[in-house]
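# Summary of the model geometry
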Amino acid sequence: MHVEQISIFIENKFGRLAEVTRILGDAGVNIRTLSLADTSDFGILRLIVNDTEKARTVLKERGFTVSKTEVVAVEIPDRPGGLADILQVLDADGINVEYMYAFVERCGENAVMIFRFDETQKAITTLTSKNFNVLPGNRLYSM
Amino acid sequence: MFFNEEFETLPREALEALQLKRLKAMVARVEKSVPFYKEALAKAGVTADSIQSLKDLQRLPFTYKQDMRDSYPYNLFAVPMEDIVRIHASSGTTGKPTVVGYTKKDIETWSELMARSFMAAGVHKGDIIHNSYGYGLFTGGLGAHYGAERLGASVIPMSGGNTKKQIMIMQDFGSTVLTCTPSYSLFMAEAAKEEGIDFRDLKLRVGIFGAEPWSEEMRRDIEGKLNLSAVDIYGLSEIMGPGVAIECCQAKKGLHIWEDHFIPEIINPETCEVLPEGQMGELVITTITKEGIPLIRYRTRDITSITYEPCVCGRTHARIARMSGRSDDMLIIRGVNVFPSQIEAILMGVEGVEPHYVLIVERKDNLDTLEVQVEVGENLFSDEIKHLQALSAKIEKQIKEMLGVTCRVRLVEPKSITRSEGKAKRVIDNRNKA
């Protein structure tokens, strides 16, 4: 039920982000959503794309350091307190969120959040048992 | 296995008697034929006849690199130009290069010492030596080449550069021995990996690496990546070229310096006092058989220590420790002496760190700053910022604890540090440029 995300190490240098996105564009890889975590020296670009393997291969060929991470996509009711409800459930089970960001597209009436948990499988079990809708990768890549 | 068993295993007493005899003869030659030494020896009040024991060496004057520059190009030569058959010169990054001349006999001696060095490293007749040291004014290429031929091995005169072709030749020609700088060997390993070639499939058995200081940790890394036995060689053009000293493959603990041709001393570079066995200081070498350009107590600026303890290989010649660096490579950062090799040793001790790094020294508001750039490869990368920051902090802490200097580690993208096909440039010192 998890989703594959690729992470890329990027130095804080002029034009690096443009280069990554250009390489992916030229290879016909479509970015579904992204987040950029940054420090003063470097950033980590996290991407969910329609073709993870291809994205990884073309970026590695161009000398980038790339890794694959498992994240979880969850539907969240688009109303006040929607996110708080989910976090509360996770908190009760002692699951930590390492980072999270929003998916660009909506899923019907609901928003979609991407989570990186310290314990991915346990998080999925907790969420599904509490009737949260965890979206599988193939659904997300083609949304 | 020895190339010249008699001389390589000469009992210390006989070796020292030979050194004294040769020292006296050399001093007698230069006091006649080199005006620079005639004057320097007269000033020091020493004549060849007054040298009674090896202890008297300490009465002789030093020769500095500057003396060689001042004698540019031929003023230190001890024989007429018609007896010089080869001329080499050092790279001369600052000012004029230093020029050295060899007589026919000098070339023979060099070839023998290089052949001895190959044997000590575990190389023998029948080996195919892939020589990637640069051919030209630099002594590395031709020095190793003549030694290989003298040994009777097959030598491939590759010189440096064109890495893809180097790898193809190594693969197709079945090279069993590689000679180059340690940093270039790693560059080749990296390039081969990109081509999908595994060094473990090559026939390489021995690597002879020199011309720049490297660490024990780097040796382990090279041996793992290139699947060969890595041996440290030492030499400098002023004294001869490669093959002044070499590790034996049996011990790999210190480099045997060929004492029947060179007399080594370790001195305190500031007070010039000769230091006892085991203490770190500057290596000073006197050439006792050289004809073209004999040097008395040449200040190498290389930092090492010496031991006369018997070695398991059976050679009686003293061993100098792996070079810690050059006294002129030494960085003084806020008053603390730091050698790039010390930082390298710390970096290589951190799991996943690649042997590519660069040190950038700057002065901000009258304070020195040191930045250590480390490449983030797959083994180091984490998708979480906190892990990468913890890594930087860990390296910074170790450098602070072990060397006493505060530094800032900057993580950079792979391949962003310039690779070298010759000597690696590890330090960018911007302090005197502003």
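Residues numbered from 1 in each chain as written. Chains lettered and ligands numbered in written order. Predicted model: local features only at pLDDT ≥ 70, side-chain atom pairs only at ≥ 80, totals over all residues.

The name recorded for chain A in an unreviewed UniProt entry is ACT domain-containing protein, from Geomonas terrae.

### With respect to the overall build of chain B
From N to C terminus, chain B includes 11 helices and 21 strands. Computed over the C-alpha atoms, the radius of gyration of chain B is 22 Å, within 12% of the 22 Å expected from 2.2 N^0.38 for a compact globule of 434 residues. In chain B, which comprises 434 residues, the share counted as buried stands at 45%. Considering only intrachain contacts with a sequence separation of at least 6, the fraction spanning at least 24 residues in chain B is 67%. (Helix = DSSP H or I, 4+ residues; strand = E, 2+ residues; numbered from the N terminus. Rg over C-alpha atoms; globule rule 2.2 N^0.38 Å. Buried ≥ 20, exposed ≤ 12 C-beta atoms within 10 Å, placed from the backbone. Contact = placed C-beta atoms within 7 Å.)

### Brief notes about the overall build of chain A
From N to C terminus, chain A includes 5 helices and 7 strands. Ordering the α and β elements of chain A from the N terminus gives β-α-β-β-α-β-α-β-β-α-β-α. Here the C-alpha radius of gyration of chain A, 16 Å, is about what a compact globule of 143 residues would show, namely 15 Å. Taking the principal axes of the C-alpha coordinates as reference, chain A spans close to 45 × 30 × 25 Å. When burial is assessed residue by residue, chain A has 29% of its 143 residues classed as buried. Partitioning the intrachain contacts of chain A with sequence separation of at least 6 by distance along the chain shows that 67% fall at a separation of at least 24.

### Focus on the interface of chain A and chain B
In many reports, interface size means the accessible area that the parts give up when they come together. Taken together, the 14 residues of chain A in the interface contact 15 residues of chain B. When residues of the side of chain A that touches chain B are traced back to their parent elements, those giving at least two are strand E1 (3-11), strand E3 (42-49) and strand E4 (66-77) of chain A. Of the residues in the side of chain A that touches chain B, the class split is 4 nonpolar, 6 polar and 4 charged. (Nonpolar A, V, L, I, M, F, W, Y, C, P; charged D, E, K, R; others polar.)

### Brief notes about the domain arrangement of chain B
Residue and element names in this part refer to chain B. Each domain of chain B was delimited in the assignment, giving domain 1 (1-327) and domain 2 (331-429). Just the C-alpha atoms count here: the centres of domain 1 and domain 2 sit 30 Å apart. Between domain 1 and domain 2, the contact holds 18 residues from the first and 14 residues from the second. Broken down by secondary-structure element, the contributors of at least two residues to the side of domain 1 that touches domain 2 are helix H8 (182-194) and helix H9 (216-226). Take the side of domain 1 that touches domain 2: its biggest share by element is 4 residues, from H8. Each residue belonging to the side of domain 1 that touches domain 2 can be placed in one class, and the counts come to 6 nonpolar, 9 polar and 3 charged. (Domains from an automatic or database assignment.)

### What about the UniProt feature "domain: ACT" (unreviewed entry) in chain A?
Per the UniProt record, the feature "domain: ACT" (unreviewed entry) sits at residues 71-142 of chain A. As annotated, residues 71-142 of chain A has a helix share of 36% and a strand share of 32%, and its two end C-alpha atoms lie 16 Å apart. (UniProt positions renumbered as here; feature names shortened; annotations may be inferred.)

### Section: unusual backbone geometry
With an omega of -10 degrees, the peptide bond running from B:Tyr72 to B:Pro73 counts as cis. Look at A:Asn131: it is not a glycine, yet its phi comes out positive at around 65 degrees. The residue A:Asn131 is located in the loop between helix H4 (120-129) and strand E7 (134-135) in this model. The phi angle at B:Arg297 is positive, at roughly 45 degrees, despite the residue not being glycine. Assignment of secondary structure puts B:Arg297 in the loop between strand E11 (281-287) and strand E12 (298-304).

### Notes on the environment of B:Asn75
With respect to the helices and strands, B:Asn75 occurs in the loop between helix H4 (65-70) and strand E1 (84-89). Placed 188 residues apart in sequence, B:Asn75 and B:Ile263 show a C-alpha to C-alpha distance of 23 Å.

### Comments concerning the sheet that holds strand E18 (residues 357-364) of chain B
Residue and element names in this part refer to chain B. Pairing is mixed in the open sheet, where 4 strands are placed in the order E20-E19-E18-E21. Among the strands making up the open sheet, the edge pair consists of strand E20 (408-412) and strand E21 (427-429). Strand after strand, the sheet turns through a mean of 20 degrees between neighbouring axes, direction not considered. As judged from the 8 bridges shared by E18 and strand E19 (residues 367-375), these two strands associate in the antiparallel manner. Its bridge partner lying in E19, Val 361 is registered against Leu 370. Seen against the sheet, helix H10 (residues 340-348) touches E18, E19 and E21 and runs at an angle of roughly 125 degrees to E18. (Pairing = 2+ DSSP bridges. Axes fitted to C-alpha atoms, helices over the stretch in contact; angles between N-to-C directions.)

### Digging into the nonpolar core
Counting 85 residues, the largest nonpolar core has B:Val123 and B:Val244 as its most contacted members. When residues of this core are assigned to their parent elements, the largest contribution, 7 residues, is made by helix H5 (residues 104-120) of chain B. Counting residues in hydrophobic clusters, the runner-up holds 59 residues, among them A:Ile44, A:Val66, A:Ile86 and B:Val338. (Core = buried A, V, L, I, M, F, W, Y, C linked by C-beta atoms within 7 Å.)

### Notes on the environment of B:Asp56
All names here are of chain B. Along the chain, Asp 56 falls in the loop between helix H3 (35-44) and H4. A tally of 15 C-beta atoms within 10 Å means that Asp 56 is categorised as partly exposed. A C-alpha to C-alpha distance of 37 Å links Asp 56 and Gly 122, two positions 66 residues apart in sequence.

### Overview of H8(B)
Residue and element names in this part refer to chain B. In this model H8 runs 19 Å from its N-terminal to its C-terminal C-alpha over 13 residues, within 8% of the 18 Å that 1.5 Å per residue would give. Each element contacted by the buried residues of H8 is listed here: helix H7 (163-173), strand E5 (177-180), strand E6 (206-209) and H9. Gly 196 sits one or two residues past H8 and shows a positive phi near 80 degrees. (Expected span 1.5 Å × (residues − 1).)

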